Amino acid sequence: MERTKKTIIVFSGDLDRALAAFIIANGAAAMGDEVTMFFTFWGLNILRKPDKVPVRKSFLEALFGRMMPRGAGKLGLSRMNFGGLGTAMMKYVMKKKCIASLPELIATAREQGVKLVACTMSMDVMGIRAEELIDGLEFAGVATYLGEADEANVNLFI
Amino acid sequence: MERTKKTIIVFSGDLDRALAAFIIANGAAAMGDEVTMFFTFWGLNILRKPDKVPVRKSFLEALFGRMMPRGAGKLGLSRMNFGGLGTAMMKYVMKKKCIASLPELIATAREQGVKLVACTMSMDVMGIRAEELIDGLEFAGVATYLGEADEANVNLFI
Amino acid sequence: MERTKKTIIVFSGDLDRALAAFIIANGAAAMGDEVTMFFTFWGLNILRKPDKVPVRKSFLEALFGRMMPRGAGKLGLSRMNFGGLGTAMMKYVMKKKCIASLPELIATAREQGVKLVACTMSMDVMGIRAEELIDGLEFAGVATYLGEADEANVNLFI
């Protein structure tokens, strides 16, 4: 089988959509494909470190930062979240059935060499600094995305 | 015109997004394309039989099952649902304008040979059994999706 | 670099998703690509003129029209809208950081020759008339979309 390329724009910061994105990315990487994931807007929250990182922010940036979930462990479902109860139930069921959690899927993606790219323009809008995101990311904009998508045979927006 | 392949991942279980997915799928099939739709997460609800099917479920699986809409006739809009009122209005308008309903679009898709695939991993997470889904489906995972997407020239995530 | 084609289905009428769609479209057009955006369902709201246009509508069509945002300046965020406060904050931050607003992005798209297509079937369902939409659009259905997507190397559903 020839090695092809896949790109996924991860726009959503919902747990369920993030799971779908990483399951597809890891599946493709396991089959030998080159995979690039672009995290933009709410999708950036998936990449945030779980602990507060001391960086200088404007009042609004700090407010945005506080209101958005800090990392893969804090995301909620897009439906049936019920104040976190539905999300907790889903996580419990996944664990019981030995299905990898989102943090585990992210670790696998990195081990498999999936390229994780944070959208710099979204970081600017949301006031998120590079130090607040997990290590090993690349930083780029829409031109880089388009260059990669041109070479890929599957391009998804999640 | 040469026969090409299309794939659509139907992640959403919203009526409006399901309509969009089937309109695209049926359009492509009518133009002679091979079309595969992969139903995952909330999208599985589109394929549920309208009546309760007696299957053994754990407490949480049964709870999930009760909280999620049972089939294409029960889905709500992603916006302006207003406790079902907006959805009822939309359905009424579509009927009056002779636009096919979602159950009709699904029937057409099946007549046209659109391949409907239920994601087995999502079924496992949500506790949905094959007997609870409409007949004529195939069951597969992410590797099958990726194999089909590699052969397709249009791949959407809805 | 060879000139390729991109298509984007803009299904969502959320400000954040509309921004993402136009940033990708404008980026591709700036790199010399042919870009076609298909506006369907809630995405049509992005194209509405800001002022009420006197057209004959049924009661339900008029009701739908009143409940949906009138144009790019009225859209809200898909998350953290908080009754418009979150959206206002986001717009303020974007302006302060000299990031183009959605109306500016739409103007740029038109200047760059991005083809903006309104889905006629969605217009029919939602009771939106051509006169109510901004000028310079094309009007077409799913067959036109599929024809363009077949020629494109990147096709997104947003």
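Residues numbered from 1 in each chain as written. Chains lettered and ligands numbered in written order. Predicted model: local features only at pLDDT ≥ 70, side-chain atom pairs only at ≥ 80, totals over all residues. Heavy atoms only, no water.

Here's the deal with the relation of the copies chain B and chain C
1) Next: Rotating chain B by 120° and translating it 0.0 Å along the rotation axis places it on chain C, where the RMSD comes to 0.0 Å. What we have between these two chains is a three-fold relation.
2) Next: Here only 13% of the interface residues in chain B have copies in chain C that are interface residues too; the copies meet through unlike faces. (Least-squares fit on C-alpha atoms with pLDDT ≥ 70 in both. Contact = heavy atoms within 4.5 Å.)

Concerning the interface of chain B and chain A
1) Next: Taken together, the contact between chain B and chain A spans 28 residues of the former and 31 residues of the latter.
2) Next: Roughly 2600 Å² of surface becomes buried between chain B and chain A when both sides are summed, with 74% attributable to carbon and sulfur atoms.
3) Next: In terms of surface lost to chain A, no three residues of chain B exceed Trp42(B), Leu146(B) and Phe157(B), which account for 24% of the buried area on that side.
4) Next: One salt bridge in this structure joins Lys97(A) and Glu61(B), with 2.5 Å as the shortest N-O distance.
5) Next: Remark: the boundary between chain B and chain A carries six residue pairs in polar contact (both at pLDDT 80 or more).
6) Next: Secondary-structure elements contributing two or more residues to the side of chain B that touches chain A are helix 2 (59–67), helix 5 (120–126), helix 6 (142–151) and strand 5 (154–157) of chain B.
7) Next: By residue number, the principal contributor to the side of chain B that touches chain A is helix 6 of chain B, which donates seven residues. (Buried area = accessible area lost by both parts, 1.4 Å probe. Salt bridge = Lys/Arg side-chain N within 4 Å of Asp/Glu carboxyl O. Polar contact = N/O pair within 3.5 Å; in protein donor to acceptor, adjacent residues only side chain to side chain. Helix = DSSP H or I, 4+ residues; strand = E, 2+ residues; numbered from the N terminus.)

A look at the interface of chain B and chain C
1) Next: Listed as interface residues are 31 residues of chain B and, on the opposing side, 28 residues of chain C.
2) Next: Here chain B and chain C share an interface that buries about 2500 Å² over both sides, 75% of which is from carbon and sulfur atoms.
3) Next: Linking chain B with chain C are four salt bridges, by the criterion used here.
4) Next: Salt-bridge contacts for Asp124(C) lead to Lys97(B); the nearest nitrogen and oxygen are separated by 3.4 Å.
5) Next: Run the count over chain B and chain C and you get seven residue pairs in polar contact (both at pLDDT 80 or more).
6) Next: Breaking the side of chain B that touches chain C down by element, the ones donating at least two residues are helix 1 (15–30), helix 3 (85–96) and strand 5 of chain B.
7) Next: Here the side of chain B that touches chain C is built from residues that sort into 19 nonpolar, six polar and six charged. (Nonpolar A, V, L, I, M, F, W, Y, C, P; charged D, E, K, R; others polar.)

Considering helix 2 (residues 59–67) of chain A
1) Next: All buried positions along helix 2 of chain A are accounted for by Leu60(A), Glu61(A), Phe64(A) and Gly65(A). The buried residues of helix 2 of chain A all sit within an arc of 140° when viewed along its axis, so they share a single face. Of the exposed residues in helix 2 of chain A, those oriented more than 90 degrees away from the buried face are Phe59(A) and Arg66(A).
2) Next: Buried residues belonging to helix 2 of chain A abut helix 5 (120–126) of chain A together with helix 3 (85–96) of chain C. (Buried < 20%, exposed > 50% of the residue type's maximum accessible area, 1.4 Å probe, protein only. Arc of directions from axis to C-beta.)

Section: the sheet that holds strand 4 (residues 138–140) of chain A
All names here are of chain A.
1) Next: If you walk across this open sheet you meet the five strands as 4-3-2-1-5, and the pairing is parallel. Among the strands making up the open sheet, the edge pair consists of strand 4 and strand 5 (154–157). Strand-to-strand, the axes of this sheet are offset by a mean angle of 20°, without reference to chain direction.
2) Next: Here strand 1 (residues 5–10) pairs with strand 5 via four bridges, running parallel. Its bridge partner lying in strand 5, Lys6 is registered against Val154.
3) Next: Contacts between helix 6 (residues 142–151) and the sheet are confined to strand 1, strand 2 (34–39), strand 3 (115–119), strand 4 and strand 5, with strand 1 contributing the most and set at about 140° to the helix. (Pairing = 2+ DSSP bridges. Axes fitted to C-alpha atoms, helices over the stretch in contact; angles between N-to-C directions.)

Keep in mind these values describe shape, not function.
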